[in-house]
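A look at the structure
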Amino acid sequence: MDLDINQYLDVFVEESKEHLQNMNDILLNLEKDTNNKELLNELFRIAHTIKGMAGTMGFTNMANLTHDMEDVLQAIRSDEIQATTKVIDILFECFDALDFSVNYVGENGKENDDEHLEIIEKLKSIFNSGNEKIEESEKSVSSTAEVFDEYLVNAINKAKENKLNVYKVNIRLSESCMLKSARAFIIFNTVESFAEIIQSKPSVEDIEDEKFNFEFSLMIVTEISKEEIQKEIYNISEIEKVEVSPIDEIDTLNVETKVKETKLEEENKTEKAKADMSTTTRTNKVGKTVRVDIDRLDNLMNLVSELIIIKTRMEDMSEASSKEDMNEAIEYLERITTSLHDAVMKVRMVPIERVFNRFPRMVRDLSKELNKEINLEMSGEETEVDRTVIDEIGDPLIHLIRNSIDHGIEHPDERIKLGKDEFGTVKLKAYPDGNNVVIEVQDDGQGIDYQKVKKKAIEKEVITEKESENFTKEECIDLLFRPGFSTSDKISDVSGRGVGLDVVKSKIESINGSIEVETYEGQGSKFIIRIPLTLAIIQALLVELGDEIYAIPLSSISEITSIQRNSIRDIQGQEIILYRDKTLPIVRLNRIMGVEEDDTEELTVVVVRKGDKQAGLIVRGLIGQQEIVIKPLGKYLVNIKYLAGATILGNGKISLILDVNSLF
């Protein structure tokens, strides 16, 4: 009898994700304490468990990878090999491969075709040639990659046609060299005086940024001989070694063959991936799940049984029953439905730790990439939020943390000059605040330079110079959230592409949240995100607007007041009133919603807030506070401005819910 694995897929994915999260945490701790046997034992157990689970499901690629991981971990446990940085880097690569595979299974209901041969080779090379050989295996991978460059093939062929020499030049700088990139610049200039450089490994940008050890290689086309090249380069000081090797016809032929093979392989992979996607059915996709404490389910079950009891009681009530009995039954029903709502909410709630867990690894990788020393301090991981909010908040937090590390925190030598600790700190903190959850991302870096932001905005024509003259600090910070805006001078993998804070803002506002910034020049910045506990059921204020009823989320309301019509002033096209010694912008909802305006002298104003900004919404009248269930407007009306959804009132009428964030 064939085993139908589809019914076990969601269990496999859910449990594998838990094991992988533990693996990630242990690897991060093991990097700090490589001799900790307890961590090694736990890591071995996790790899063994995943191997068993993958084997049972028939996922042989994952099983093979974890089998080789086990061998390496066993060797470390028995002190045959050392858990060096390179070994831990390879184990992190294994984690990434497993994480990708599990997510692929979750999306497609089957294992991907990657056999992880490159990583398995690296794992085996730890045994075969000692830890030093790992670097060589990495080099051989990269050197193989360089012969796959089609531009290189054409350049070599052209050189051969013109009877020119093609050489690969490996250059090693002296380890006492203080300014590597400056020395490399001199070498480039010298070589370019007698040859054409057709390739540099690492890239020119990486060499300029000193993202290389003391060694780099050049592929050059020249008329002069190998000996002359060596002589010219050795004339430059602080050079330890120069190796010049000719690229002959046979190499070129191999390159061409390999390019063709690679292209064919890539095409086959693409076709296979397309075929996989088309044959994968929706039924295989693993649904979103939430692991729930059994006590919460018991409570839910108990409340449902109470609901059945009151339903039976109300059915049994005859016409002779008194109004008092009916009122009592309705009150009882109200208590149960409120408790039921709370219980369902708690079932949907998951700790924000689910999002926070991915950040220590990300910070570790970024620290290495940017050559910065970073400590990540996290608190409030146990704070619970709705499952749907958890899915949305991850990406904005990734942007903010990357932003803090790249733009905010200075390089260690710079920090020491400023009298700071060489280790920069990023604090990630979550805590409940009424019906909201607050998440803070704080760094102790250089803070935001208002003048630089303003200057960049003028350069990029986001604002004019005249507009910028009267800009406050807060308005300068708001520029950071404009689409396509970046203060980075150089484009890198981390920043400078103009994708970042505008994405953060739109994503947070799409879940009815808000973002504020506090910054102190030279001391650091703090981004404060406020998000609702849930997106399903909220407390709202029902207001009248013409003959229609609208709902305003209570979490956005500061207060309610009344003003005289003649107290409204028009300043440069914006209506304002002076309220509590501050100017309060006025929003006439009837004009936005296309409803008739009232001509009364006394106006009711609902003061709403978005972050640290406030505005007054003019309404006809107030109906009262009510708990409402948010219903989406449907796919055809999804992008309508100013509306967050709709709700059905007790009398069956529909009330539209206002999106406060889009009103000002």
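Please refer to the structure higher up on the page.
A brief report on the enclosed structure follows. Here the structure is a predicted model, which is why all the values come from computation and not from measurement.

Each value, and the rule that gives it
- Residues numbered from 1 in each chain as written.
- Predicted model: local features only at pLDDT ≥ 70, side-chain atom pairs only at ≥ 80, totals over all residues.
- Heavy atoms only, no water.
- Helix = DSSP H or I, 4+ residues; strand = E, 2+ residues; numbered from the N terminus.
- Pairing = 2+ DSSP bridges.
- Axes fitted to C-alpha atoms, helices over the stretch in contact; angles between N-to-C directions.
- Patch = residues over 30% accessible without salt bridge, like charges linked within 9 Å, V, L, I, M, F, W, Y side chains within 5 Å.
- Areas by Shrake-Rupley, 256 points an atom, 1.4 Å probe, with all protein chains shown as cover.
- Salt bridge = Lys/Arg side-chain N within 4 Å of Asp/Glu carboxyl O.
- Lys, Arg positive; Asp, Glu negative; His and termini not counted.
- Charge placed at Lys NZ, Arg CZ, Asp CG, Glu CD.
- Buried < 20%, exposed > 50% of the residue type's maximum accessible area, 1.4 Å probe, protein only.
- Phe/Tyr/Trp six-rings, centres within 6.5 Å; stacked < 30°, edge-to-face > 60°.
- Lys NZ or Arg CZ within 6 Å of the ring centre and 35° of its normal.
- Expected span 1.5 Å × (residues − 1).
- Core = buried A, V, L, I, M, F, W, Y, C linked by side-chain atoms within 4.5 Å.
- Contact = heavy atoms within 4.5 Å.
- Parallel < 35°, antiparallel > 145°, perpendicular 65-115°, else oblique.
- Left-handed = near helix turned anticlockwise from the far one by under 90°.
- Nonpolar A, V, L, I, M, F, W, Y, C, P; charged D, E, K, R; others polar.

**Quick notes on unusual backbone geometry**
- Cis peptide bonds are those with omega within 30 degrees of zero, and the linkage from K201 to P202 qualifies with 0°.
- Among the structural elements, P202 can be located in the loop between β2 (195–201) and α9 (204–208).
- The phi angle at N371 is positive, at roughly 55°, despite the residue not being glycine.
- Of note, R580 is a non-glycine position whose phi angle comes to about 50°, a positive value.
- Mapped onto the elements, R580 comes out in the loop between β16 (574–579) and β17 (582–588).

**Digging into the sheet that holds strand β22 (residues 654–658)**
- Pairing is mixed in the open sheet, where five strands are placed in the order β20-β12-β13-β22-β21. Looking at which strands have only one partner, the edges of the open sheet turn out to be β20 (621–629) and β21 (643–648). Each strand of the sheet is rotated relative to its neighbour by a mean of 35°, with strand direction disregarded.
- By the bridge criterion, five bridges tie β21 to β22 in an arrangement that is antiparallel.

**Considering a negative patch on the surface**
- Taken together, E474, E475, E518 and D612 make up a surface patch of like negative charges.
- In this structure E518 comes out as partly exposed when scored by relative accessible area, which is 33%.

**Let's talk about the packing of aromatic side chains**
- Counted by the stated rule, this structure contains five aromatic pairs.
- Judged by centre distance (5.8 Å) and plane angle (90°), the rings of F212 and F216 are edge-to-face. No difference in accessibility class separates F212 from F216, as the two residues are buried.
- In textbook terms, an aromatic cluster arises when at least three aromatic residues are bridged by ring pairs, as seen for F188, F212 and F216.
- Above the plane of the ring of F44 lies R77, whose end atom (NZ or CZ) is 4.2 Å from the centre.

**Remarks on the sheet that holds strand β8 (residues 424–433)**
- Strand order in this open sheet of five strands is β6-β8-β9-β11-β10, and the pairing throughout is mixed. For this open sheet the edge positions go to β6 (374–379) and β10 (514–520), each flanked by a neighbour on one side alone. Between one strand axis and the next, the sheet turns by 15° as a mean value, whatever way the strands run.
- Two strands pair when backbone bridges link them, and β6 and β8 are joined in this way by six bridges, in the parallel orientation. Its bridge partner being in β8, S379 is matched across the sheet by K429.

**A few points about helix α1 (residues 9–32)**
- End to end, α1 covers 35 Å across 24 residues, agreeing with the expected 34 Å (1.5 Å per residue, within 8%).
- For α1, the set of buried residues is L9, F12, V13, E14, S16, L20, M23, N24, I26, L27, L28 and L30.

**What about the nonpolar core?**
- Counting residues in each nonpolar core, the largest one holds 47 residues, and the members touching the most others are F356, L397, I439, I529 and I531.
- Among the elements that take part in this core, helix α16 (residues 387–408) stands out by supplying seven residues, more than any other.
- Setting aside anything within four residues of it in sequence, one finds I529 in contact with I393, L397, L400, V437, V438, I439, I508, S514 and I515.
- L20, M53, F92 and I126 belong to the second-largest nonpolar core, a separate cluster that totals 45 residues.

**Concerning the pairing of strand β18 (residues 602–610)**
- The element β18 is extensively covered by neighbouring structure, given that seven of its nine residues are classed as buried.
- Note: β18 against strand β19 (residues 613–619), seven bridges, orientation antiparallel. Bridged to V607 within β19 is G616.

**Brief notes about the environment of Q82**
- The topology assignment puts Q82 in the loop between α3 (60–77) and α4 (85–108).
- Judged by relative accessible area, which is 48%, Q82 ranks as partly exposed.

**Points about the side chain of S217**
- In this structure, S217 sits in strand β3 (residues 215–222).
- Apart from the residues within four sequence positions on either side, S217 is in contact with K168, V169, N170, Q199, S200 and K201.

**A word on the packing of α1 against helix α2 (residues 37–57)**
- Viewed as axis vectors pointing N to C, α1 and α2 meet at an angle of 155°, and their least axial separation amounts to 10 Å. The orientation of α1 relative to α2 falls into the category roughly antiparallel. Every pair of crossing elements has a handedness; the one defined by α1 and α2 is left-handed. Side by side, α1 and α2 meet where L9, F12, E15, S16, H19, L20, N22, M23, I26, L27, N29 and L30 of the first sit next to L39, L40, E42, L43, I46, T49, I50, M53, A54 and M57 of the second.
- Here the residues of the contact of α1 with α2 sort into 15 nonpolar, five polar and two charged.

**Structural notes on a nonpolar patch on the surface**
- A cluster of nonpolar residues, Y636, L637 and I640, forms a patch on the protein surface that exposes about 360 Å² of accessible area.
- Tracing the sequence through the fold places L637 in the loop between β20 and β21.
- For L637, a relative accessible area of 39% puts it in the partly exposed group.

**Here's the deal with the packing of α4 against helix α15 (residues 359–370)**
- Axis separation between α4 and α15 bottoms out at 13 Å; the angle between their running directions is 130°. The angle between α4 and α15 places the two elements in the oblique class. Of the two possible hands of crossing, α4 and α15 adopt the one that is left-handed. Contact residues: T85, I88, D89, F92, F95 and D96 in α4; R361, R364 and K368 in α15.
- When the residues that make up the contact of α4 with α15 are grouped by side-chain class, the tally is three nonpolar, one polar and five charged.

**Topic: the pattern of salt bridges**
- Counted under the stated rule, the structure contains 27 salt bridges.
- With its nearest N and O atoms 2.9 Å apart, the salt bridge here joins R415 to D444. With a gap of 29 residues between them, R415 in helix α17 (residues 412–417) and D444 in the loop between β9 (436–443) and α18 (450–459) connect regions that are remote in the sequence.
- Look at D444 and you get partly exposed, because its relative accessible area is 24%.
- Among the salt bridges present, the one from R620 reaches D547, with a minimum N-O distance of 3.8 Å. One end of the pair, R620, is in the loop between β19 and β20; the other, D547, is in the loop between β12 (537–545) and β13 (548–553), with 73 residues separating them in the sequence.
- R620 sits in the partly exposed class, given a relative accessible area of 38%.
- Judged by relative accessible area, D547 falls into the exposed class, the value being 78%.
- Among the charged side chains, a salt-bridge network with shared partners connects E31, D89, D96, R361, R364, D365 and K368.

Purely spatial values, then, with no claim about function.
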